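# Overview (structure and organization)
The chain contents come next:
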Amino acid sequence: MDYQFRDIENKWQQFWAENQTYKVNNASEKPKYYVLDMFPYPSGAGLHVGHPLGYIASDIFARFKRLRGFNVLHPMGYDSFGLPAEQYAIQTGQHPAITTVDNIATYRRQLDQLGFSFDWSREVRTSDPEYYKWTQWIFMQLFNSWYDMEADKAQPIDLLVSHFQTNGSTGISAVSDEDTKTFTAEEWSAMSEKEQQEELLRYRLTFLKESTVNWCPALGTVLANDEVKEGFSERGGHPVEQKKMWQWSMRITAYADRLLKGLDSIDWPEPLKEMQRNWIGKSIGASVKFQVENSDKIIEVFTTRVDTIYGVSFLVIAPEHEFVASLTTSEQKNEIEDYINKTKKKSELDRMADTKSVSGAFTGTYALNPLNGEKIPVWIADYVLAGYGTGAVMAVPSGDQRDWLFAKRFNLPVIQILDTQKGIEETADATKDGKYVNSGIINGLTYDEALPVLIQKLEELGAGKAKVQYRMRDAIFGRQRYWGEPVPVYFRDGLPYLIDEAELPLVLPEVDKYLPTEAGDPPLGRALNWKYKGEYAYELSTMPGWAGSSWYWYRYMASPDERKEDAFAPKKAIEYWKDVDLYIGGSEHATGHLLYSRFWNKFLKDLGYVIEEEPFKKLINQGMIQGRSNFVYRISDEEGRGTNTFVSHGLKDQYKTIALHVDVNIVENEVLDLEKFKTFRPEFANAEFILESGKYLCGVEVEKMSKSKFNVVNPDDIIERYGADTLRLYEMFLGPLEQSKPWNTNGIEGVFKFLRKFWKLFHDDQFNFRVTDTEPTKAELKSLHKIIRKVEEDIERFSFNTSVSSFMICVNELTDLKCNKRVILEELVVVLAPYAPHITEELWQLLGHAEGSLSYAQFPKFVPEYLVEDEFAYPISINGKMRMNLTVSLALEPADVEKLVLENADVQKYLDGKTPKKVIVVKGRIVNIVV
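A short tour of the structure in this document, coming up.

### Comments concerning the overall build of the protein chain
- Within the protein chain one finds 28 helices and 36 strands.
- Counting only C-alpha atoms and orienting by the principal axes, one finds that the protein chain spans roughly 120 × 75 × 70 Å.
- Sorting the 931 residues of the protein chain into buried and exposed places 53% on the buried side.
- By sequence separation, contacts in the protein chain at least 24 residues apart represent 71% of the contacts at least 6 residues apart.
- Split by element, the accessible area of the protein chain, about 41,300 Å² in all, is 48% carbon and sulfur.
- For the protein chain, the separation between the mean place of its 109 positive charges and that of its 136 negative charges on side chains is 4 Å.

Below, the structure is given as structure tokens:
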């Protein structure tokens, strides 16, 4: 029978599911290998052909590692909390859990039909209370911890309390808020519980703090920076403003240096590591205090160029800075308020990205330079952010271009500070070369000489000190949404306390609507009688989307039975699996999920719950499969209005036309199915078409795959037409895994034909299964071992696309050799199995092996000797004209080759009885006979 891919694929998918072929044992004696995909958010649209790219690659690698004798953990789950389900719930009134379950069912069906070797017994869903119980538990551990800078690790909060009881605040080196108190042990004991808890909140690794956030009134929630585009929410396009709110935060800054150093120990793409380095943004410099004139207030700035302090001609503070109101004079009040209102409409990302426009407002107040007492005007400007550093900068126009533009815009002084600075009236010059001028105590010194002098003087004056600063901020950890993990906290006397651990999980309560309350509280405020012990108010915010994804790889380590234990993952399982050996996902998570995951992993290691410092040993970013849009061309009249006539792409330049997107699923090899088009656009049912050679050819453009462009290709359609094995091979064939590439269905037919040709190797012309036990030839062994070596090398370096090409060459060679030898074909089945698991399982069984045993077979061993050439087909030229090829042993010397050639009957025919004047033999290259 010919290649019946539908029957074959259904059969084996059912077999794998019923027999739990890929269920993993944590007690195996085999070496472990953990292959992980970034788990998907289950949207209502399901998968399009771009989504499985990384999953196919990881599955090929997982299957290959099994064949190489590894115990492979290859799990899958769903990042199932999130804003889209909540927005749908707001629109329809349907509980987000219902739509999430429906969406997961669609994803599961689509994933199953692609033949992935996932251990589904270990599936996780972040919205499952049995899962988010442990997300809440980790939050509680963070709340009950502080960062000890002496030990360079997190410690239990009880140790901090014990130190306070014995020594007060003396000798504590901790990452904490700036406004921590100094006290003795007696003063600590004299504090009320409320005062003690307020002080501890300044040290905890998760804490409440007033922060500037991206507030979206229309969605009623705070948004992360990556959820805001040009001042509008990515979802729905609603205006977003900057707003100060009390928010839960995570003290990720405590781990800044470890996060930075850890990048040197992991095998990640260098561009991604560089993105994290820039996001963490380590700077070595100084903290400088500027006294506000006629006030006890101090504006503190961090600078990497303290050497430029004499060139400061103004200070700039963020519009959200806590001092703005108190520094603003009555004359400047209206201007400052107008500027702040304008700034609220910009996201922080927009403010950071805008390097061209210059804007600001003067507070009316001055500060004093701590070294020379000069009066310096204090301005606000949106290029300074409250959450970065101290929310204030000292502006040196002669050395910084943005400060220079600001100074020129508002007519502020530009002070030369180095004798080598040139043209500072036209542009800033950031040089460090030369000697200082107009710079008080460092005049005549070089940069290296000036730094210690300035630091010493600032420390003597109590006006500054050397300091290491990080650009990264503490991570806001609250969302004013319903569909997220409840925070396991209640409030007493206005302070947060953890619920009892035995009461986890704190489950989402029912609400009448998924909208904020009329009083402006988050949706959880709608829950009736939802109080801790019937008395205390719960936290009404929920956790952000990144909470559940910051530890999920550990939950996969726990087998179904082990999940009944009272731990997020059993200690023995963590000791066995350790970390993720290979992680595949998109680079868009570089400064979100991947950074937060590393942070939580390091924290869990500090407390002894996990054993590895870094969670993901090797990371690969798969590229994007882009859409390949098709267009039809509607002829327009002189006024630009569309007519009822369409012209084919090759003729469109003869007319005035309007390009319209057309559904790519009704286009094949750029030829439009006219009848399907009329169904697709019923308003054009009676349209006329100007054709080329009897066909309507569409235009093509590469764009992002989206419904609005009608270029979404559903994998269901491809699988129905060609099968999952074809789709898997074709996605790999499109190009290198890490690169983005356009989807183009035009080439898929060739991959399908390859699989049919592969199937035909095992069958005769009537499609009867026919494989012989005859000994293979050298040529057949050579063809086989070329592909064994190629696939082995390609998979290890993730060059899947070149393997697919090599498979095609191999099958063509074996077809030409009419090879149906068991020794060859059996090993070829194993080599192809990771790429095309269904067809190979079927052939493996036909070859007489136990049903379903292919997944754990042994990958063939490459034998180099089979690629060593011991014969050569010499081209035989007579008087410079190539006449024939003659295969001769490479062991023969030129004289022996000459003798064999001249004795050959065919050569004798060409010589026609003539004696050669000369015979030239180039060993292993050519024989040339001159007559």
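We are not done yet, so read on.
### Side note on the side chain of Ser648
- Secondary-structure assignment places Ser648 in the loop between strand 26 (642-647) and strand 27 (657-662).
- For Ser648, a relative accessible area of 0% gives the class buried.
- Leave out the neighbours within four places in its chain, and Ser648 touches Ile690, Leu691, Glu692, Lys695, Tyr696 and Leu697.

### Some words on the nonpolar core
- Of all hydrophobic cores here, the largest spans 179 residues; its most connected members are Phe568, Trp600, Phe758 and Tyr835.
- Ignoring sequence-local partners within four residues, the contact set of Phe758 consists of Val811, Leu828, Val829, Leu832, Ile839, Thr840 and Leu843.
- Counting 54 residues, the second-largest nonpolar core is a separate cluster that includes Ala318, Phe362, Ala367 and Ile417.

### Observations regarding helix 18 (residues 593-606)
- In a regular helix each residue adds 1.5 Å, so 14 residues correspond to 20 Å; helix 18 covers 20 Å between its end C-alpha atoms and thus fits that length.
- Among the 14 residues of helix 18, 13 are classified as buried, and the element is accordingly described as predominantly covered.

### Digging into the sheet that holds strand 4 (residues 153-156)
- Reading across from one edge, 4-3-5 is the order of the 3 strands in this open sheet, with antiparallel pairing throughout. Single-partner strands in this sheet number two, and they are strand 4 and strand 5 (174-175).

### Concerning the sheet that holds strand 6 (residues 206-216)
- Within the open sheet, the 4 strands sit side by side as 7-6-10-18. Their pairing is antiparallel. This sheet does not close on itself; its edge strands, each paired only once, are strand 7 (221-223) and strand 18 (475-476).
- Summarising the sheet, strand 6 and strand 10 (residues 241-250) pair through 10 bridges and their orientation is antiparallel. When the sheet's bridge partners are listed, Thr212 is paired in strand 10 with Lys244.
- With respect to the sheet, helix 5 (residues 129-143) is in contact with strand 6 and strand 10, its orientation differing from that of strand 10 by roughly 85°.

### Regarding unusual backbone geometry
- A cis amide bond, omega -5°, links Leu504 with the succeeding residue Pro505.
- In this structure, Pro505 sits in the loop between strand 20 (495-498) and strand 21 (531-532).
- Look at Asn529: it is not a glycine, yet its phi comes out positive at around 55°.
- You can see Asn529 is positioned in the loop between strand 20 and strand 21.
- Of note in this structure, Asn879 is not a glycine but carries a positive phi near 55°.
- Considering the arrangement of structural elements, one finds Asn879 in the loop between strand 33 (871-878) and strand 34 (881-889).
- Asn879 gets classed as partly exposed once you look at its relative accessible area, which sits at 49%.

Criteria and cut-off values
Residues numbered from 1 in each chain as written. Predicted model: local features only at pLDDT ≥ 70, side-chain atom pairs only at ≥ 80, totals over all residues. Heavy atoms only, no water. Helix = DSSP H or I, 4+ residues; strand = E, 2+ residues; numbered from the N terminus. Buried < 20%, exposed > 50% of the residue type's maximum accessible area, 1.4 Å probe, protein only. Contact = heavy atoms within 4.5 Å. Areas by Shrake-Rupley, 256 points an atom, 1.4 Å probe, with all protein chains shown as cover. Lys, Arg positive; Asp, Glu negative; His and termini not counted. Charge placed at Lys NZ, Arg CZ, Asp CG, Glu CD. Core = buried A, V, L, I, M, F, W, Y, C linked by side-chain atoms within 4.5 Å. Expected span 1.5 Å × (residues − 1). Pairing = 2+ DSSP bridges. Axes fitted to C-alpha atoms, helices over the stretch in contact; angles between N-to-C directions.

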